[in-house]
Each structure stands twice: as structure tokens, then as C-alpha cells.
Amino acid sequence: MSIASTHPIPAEADQARVALRVALADNPDGILESLAAQHQVSLQTVIDCLPAQVRRQAPGSAFIDAFEDIASWGDVTLIVHTADAIIEFSGPLPVGKTGHGYYNLQGGGVVSGHLRADRCGAIYFVRRPFMGKETRSILFFNLEGAAMFKVYVGRDENRELRQDQLLRFDALEQRLAVQEPQA
């Protein structure tokens, strides 16, 4: 069963989707947030325009399950990208505890905070190049189709994707992602 995008596109935006698909085909490792801004659509819409073989979607209700699994992977890169800042953190993510309407990150490490797990509308597993290097990322989207944050598989001392984390990424994707209907 497939789950529909949590951020529906008006019919008049079909031209934007076509233009996005062309832009992504012409420059597959471009900055997705720039494309979203250029085409005046959400980042989730841009992800939905990636070829089906490079993205799979899981329901937002899997937020805690996904986050807690990722917290056991070791050093990853967490990115929060807004119009005004790109914040990156590399290291292990802490697990959290639900309370007072938030998923509260525990552990007292470098990353802490309070996440609105109930506002997660979708989670995407994405395989794509970026700046000439292959990447694997898990993107968490809110109910409006904006990125809450992204988590990237870590790299080893040779700047290659960590093989142990690739296996964890694949296993989590297999467990949480829904199957797309066959065309």
C-alpha cells in the first residue's frame, strides 16, 4: 500500500513538477532546497519529484522508531536547513523520551532539544549524489511538507559511506518504508 504525500499539490502546480523533474535530471546532485525555493514548492514536493528508485517514503508515525534506530548507528550527520541557516552536526544522536508533547532528546551530549514527533508527516529514505559523492539520507518532514531535519549516513576516514551504516540504513528502510504501486 502506498501512502500519499502529506503535502498535496494543487493541479496548477503540475507544470512545476514537470520543471522539477527536468531540473533534477539535468543536475541530479544539486541543492534540493534551492530547487524548492526556485519553483516555489515545499522540499517534500521536490523529493516526490525524484525518480522512484532513489526515494522511499515511510509514514510520519514511524518518527520515534526511526530516530531511536538511527541513534544506535554511531556518528551520523544531522542537518537543519532553513532559509537563514544550514546547521550541521556530526556525531552520535541521543535517544529521547516522550513527554509534554515533545520527543525530548536525552543524554546531555552536544545535540539536545525537543522534537515534535506528532508533527512528522512523512519520512523519506533517499539515495542520491551530492557534490559528486554518493549519499544516503533520511529526511523527516512536518505536516506542511517542510523538512524538520535530515540525517546522513556517516563517512569513514576515506570519505566513503560507512558500510555498517549502509546496512542499517537499508534495514530501516526495508522495515519502515511502504511499497510504491507498480506502474
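Use the structure listed above.
Quick caveat: nothing in here was measured; it's all calculated off a predicted structure.

Student: Can you explain the packing of aromatic side chains? Please cite residues and give values.
Tutor: What the rule picks out here adds up to 9 aromatic pairs. Measuring from ring centre to ring centre gives 5.6 Å for Phe67 and Tyr103, while their planes differ by 70 degrees; the resulting arrangement is edge-to-face. One end of the pair, Phe67, is in helix 4 (residues 63-70); the other, Tyr103, is in strand 5 (residues 102-105), with 36 residues separating them in the sequence. Its end group placed over the ring of Tyr102, Arg116 keeps NZ or CZ at 5.8 Å from the ring centre.

Student: Any chance you could break down the sheet that holds strand 8 (residues 133-142) for me, citing the residues and the numbers?
Tutor: With respect to topology, 6 strands assemble into an open sheet ordered 1-7-8-9-2-3, the strand pairing being antiparallel. Of all the strands in the sheet, the pair left with one neighbour each is strand 1 (55-59) and strand 3 (86-91). When strand polarity is set aside, the average angle formed by the axes of neighbouring strands in this sheet is 20 degrees. Summarising the sheet, strand 1 and strand 7 (residues 120-130) pair through 5 bridges and their orientation is antiparallel. Looking at the pairing, Pro59 lines up with Ala122 of strand 7.

Student: Describe helix 1 (residues 14-26), listing the residues and the values that go with them.
Tutor: In a regular helix each residue adds 1.5 Å, so 13 residues correspond to 18 Å; helix 1 covers 19 Å between its end C-alpha atoms and thus fits that length. Inspection of helix 1 places Ala16, Leu20, Ala23 and Leu24 among the buried residues, and these make up the whole buried set. Each buried residue of helix 1 sits inside an arc of 95 degrees when the element is viewed along its axis, so together they form one side. Turned more than 90 degrees away from the buried face of helix 1 sit Gln15, Val18, Ala25 and Asp26, all of them exposed.

Student: Can you break down unusual backbone geometry residue by residue, with the values?
Tutor: Located in the positive-phi region is Met131, a residue other than glycine, with phi close to 55 degrees. Of the residues examined, Met131 reaches a relative accessible area of 63% and is grouped as exposed. One non-glycine residue, Arg159, adopts positive backbone phi at about 65 degrees. Following the sequence through the fold, Arg159 ends up in the loop between strand 9 (147-152) and helix 5 (163-176).

About the thresholds
Residues numbered from 1 in each chain as written. Predicted model: local features only at pLDDT ≥ 70, side-chain atom pairs only at ≥ 80, totals over all residues. Heavy atoms only, no water. Phe/Tyr/Trp six-rings, centres within 6.5 Å; stacked < 30°, edge-to-face > 60°. Helix = DSSP H or I, 4+ residues; strand = E, 2+ residues; numbered from the N terminus. Lys NZ or Arg CZ within 6 Å of the ring centre and 35° of its normal. Pairing = 2+ DSSP bridges. Axes fitted to C-alpha atoms, helices over the stretch in contact; angles between N-to-C directions. Expected span 1.5 Å × (residues − 1). Buried < 20%, exposed > 50% of the residue type's maximum accessible area, 1.4 Å probe, protein only. Arc of directions from axis to C-beta.

That is the geometry; function is a separate question.
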